Amino acid sequence: MSDAVLLQLLDALADGERHSGELLAGRFGISRAALGKRIDKLRDWGVMLDAQPGVGYQLREPLQRLSAAGIAAALPAAVRALAVSVSVEPRIDSTNSRLLEADPAQDPQALFAESQTAGRGRRGRDWVSPFGSNLYLSLAWSFPAWPARLTTLPLAVAVALARALATLGLPEVGIKWPNDLHVDGRKLAGVLIEPRGEAGGSCRVVVGVGLNVGMQVAQAGTVSQPWTSLAAALAMRGRHLASREAVAVAVLGELALALRHFQDHGFTPFATEWRSRDLLRDRRVRFEGGEVGDGIARGIDSDGGLVVEVAGERRVIHAGDVSVRPQ
Ligand code: BTN
């Protein structure tokens with residue numbers, strides 16, 4: 001069964017209204033049993049679909065598929081001036097993997113996916129990527145020269161995401177070192193940056209962003225840490241959620257501008273804001289994955305490492321997981 005036939009069915013259901021099985025089967029020239037198999041496949045993609053016997057099928061929420069042309073046209077002039085090419089794929093393994101294989105001569109290039117079959121998180125984890133609910137975006141960027149402190153780029157990207165979320169009505173987002181976005185004590189977005197190149201030579205990065213926009217509990221599957229979505233955080237505050245396409249425009253816009261600023265000025269234009277959103281500062285933390293230990297987080301150093309006071313001594317953590325301990 002091809003993705004194309006499933007997408008046709010999904011588009012027929014996209015309005016969120018109830019559609020009779022008989023009419024749908026007739027429209028696609030297939031039996032009711034074949035229709036049922038296609039519905040099951042859409043559920044495997046993470047689509048939330050209700051079936052009422054004898055009545056029909058209905059999406060739990062109307063679906064707005066992203067349009068590359070729509071996103072490109074809505075980018076502000078300052079971002080359009082950066083000539084970022086925009087594409088949208090309905091269903092691929094991973095936007096980061098695809099752009100790592102893409103021709104660097106086409107950079108800067110942005111790729112959104114409606115769903116990922118092998119979405120990747122930091123430290124080899126999976127990134128659960130159900131269809132049409134969230135944002136999965138990668139931006140490939142070639143720097144003309146190797147940036148002085150590339151290790152601070154993940155922190156600059158986190159600030160860019162926080163700026164985008166502020167424009168979408170959620171200014172109270174915090175950053176958990178190095179680049180997780182949290183609100184209400186739960187993870188809202190994550191960043192996976194994959195650099196390529198040689199020191200002294202050219203440098204290309206693929207910046208991957210996963211932002212939970214409207215994910216429901218039933219779609220979250222194997223997500224192991226506390227998470228939330230933009231829809232849930234805004235609803236708790238009685239605020240309006242923009243369309244997913246407007247979310248895509250805001251995130252891509254801030255991300256592209258941030259990469260350009262980072263290329264020209266490094267981390268300096270982002271440092272104060274990163275520190276003002278630092279969720280770990282002065283908290284007792286446990287670090288593991290690289291070095292292992294406990295201490296009090298004391299902000300970041302000039303390379304973006306996490307400074308931790310351990311038994312009165314200053315240690316700098318460059319990689320690994322950090323979790324907050326009870327004080
Ligand atoms: C994290 O572990 O917090 C980072 C998650 C990054 C997920 C995004 S989704 C788009 C891009 N493609 C991937 O395979 N991963 C990143």
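A.B. asks: How should the packing of helix H1 (residues 3–13) against helix H2 (residues 21–28) be read in this particular structure?
C.D. replies: A pair of packed helices can be characterised by two numbers: the angle between their axes and the separation between those axes. At a minimum axis distance of 12 Å, the contact between H1 and H2 shows a crossing angle of 135°. For the element pair H1 / H2, the angle class is oblique. For the pair H1 and H2, the crossing hand works out as right-handed. From H1, Gln-8, Leu-9, Ala-12 and Leu-13 reach across to H2, where they touch Leu-24, Arg-27 and Phe-28.

A.B. asks: Explain the environment of Leu-150 to me, please; I cannot follow it from the model alone.
C.D. replies: Tracing the backbone through its elements, the reader meets Leu-150 in the loop between strand E5 (135–143) and helix H7 (153–167). For the pair Leu-150 and Asp-321, spaced 171 residues apart in sequence, the C-alpha separation works out to 19 Å. In this view, Leu-150 contacts Phe-143, Pro-195, Cys-203, Val-205 and Phe-262; residues no more than four positions away in its chain are not counted.

A.B. asks: It is not clear to me how the side chain of Gln-116 should be interpreted in this structure. Could you clarify?
C.D. replies: The topology assignment puts Gln-116 in strand E4 (residues 109–116). A polar atom in the side chain of Gln-116 sits 2.8 Å from the backbone nitrogen of Thr-95. At 3.0 Å, the side chain of Gln-116 and the side chain of Ser-129 are in polar contact.

A.B. asks: Looking at this structure, I do not really get the packing of aromatic side chains. What am I missing?
C.D. replies: Centre distance and the angle of the planes are the two values used to describe a pair of aromatic rings. Taken as a whole and judged by the stated rule, the model has three aromatic pairs. Ring geometry for Trp-45 and Phe-131: centres 5.4 Å apart, planes at 20°, overall stacked. Taken together, the residues span a long stretch of sequence, with Trp-45 in the loop between helix H3 (32–44) and strand E1 (49–52) and Phe-131 in the loop between E4 and E5 at a distance of 86 residues. Centre to centre, the rings of Phe-143 and Phe-262 are 6.2 Å apart; their planes meet at 55°, and the pair counts as tilted. One end of the pair, Phe-143, is in strand E5; the other, Phe-262, is in helix H9 (residues 244–265), with 119 residues separating them in the sequence. Accessibility classification places Phe-143 together with Phe-262 in one group, the buried group.

A.B. asks: How do you make sense of the site of the ligand when you look at a structure like this?
C.D. replies: Within the structure, the ligand sits among 20 residues, and Ser-94, Gln-116, Arg-120, Arg-122 and Lys-187 are positioned closest to it. Thr-95 places a polar side-chain atom, nitrogen or oxygen, 3.0 Å from a nitrogen atom of the ligand. Of all the secondary structure elements, the ones that give two or more residues to the shell around the ligand are helix H6 (95–101), E5, strand E8 (186–197) and strand E9 (203–211). For the shell around the ligand, the element with the highest residue contribution is E8, accounting for four residues. Grouping the constituent residues of the shell around the ligand by class yields six nonpolar, ten polar and four charged.

A.B. asks: Is there a simple way to think about H3 in this case?
C.D. replies: Residues spaced three or four apart along an α-helix point in a common direction, a consequence of the helix completing one turn every 3.6 residues. Between its terminal C-alpha atoms H3 stretches 19 Å, which fits the 18 Å expected from 13 residues at 1.5 Å a residue. Listing the buried residues of H3 in full gives Leu-35, Arg-38, Ile-39 and Leu-42. Around the axis of H3, the buried residues are gathered within 105° of arc, so they sit on the same side. Along H3, exposed side chains directed more than 90 degrees from the buried face belong to Ala-33, Lys-37 and Asp-44. Here the buried face of H3 lies against H1, H2, E1 and strand E2 (56–59). Note on H3: the residue one or two positions beyond its end, Gly-46, has a positive phi of about 100°.

A.B. asks: Got a minute to help me understand unusual backbone geometry in this structure?
C.D. replies: What you tend to see is this: most non-glycine residues have negative phi, and most peptide bonds are trans. With omega at 0°, the peptide bond leading from Asp-107 into Pro-108 counts as cis. Mapped onto the fold, Pro-108 is located in the loop between H6 and E4. Across the junction of Trp-177 and Pro-178, the peptide omega takes the value 0°, indicating a cis bond. Residues other than glycine seldom take positive phi values, yet Ala-83 does so here, at roughly 55°.

Reading guide: rules and limits
- Residues numbered from 1 in each chain as written.
- Predicted model: local features only at pLDDT ≥ 70, side-chain atom pairs only at ≥ 80, totals over all residues.
- Heavy atoms only, no water.
- Axes fitted to C-alpha atoms, helices over the stretch in contact; angles between N-to-C directions.
- Helix = DSSP H or I, 4+ residues; strand = E, 2+ residues; numbered from the N terminus.
- Parallel < 35°, antiparallel > 145°, perpendicular 65-115°, else oblique.
- Left-handed = near helix turned anticlockwise from the far one by under 90°.
- Contact = heavy atoms within 4.5 Å.
- Polar contact = N/O pair within 3.5 Å; in protein donor to acceptor, adjacent residues only side chain to side chain.
- Phe/Tyr/Trp six-rings, centres within 6.5 Å; stacked < 30°, edge-to-face > 60°.
- Buried < 20%, exposed > 50% of the residue type's maximum accessible area, 1.4 Å probe, protein only.
- Near = heavy atom within 4 Å.
- Nonpolar A, V, L, I, M, F, W, Y, C, P; charged D, E, K, R; others polar.
- Expected span 1.5 Å × (residues − 1).
- Arc of directions from axis to C-beta.

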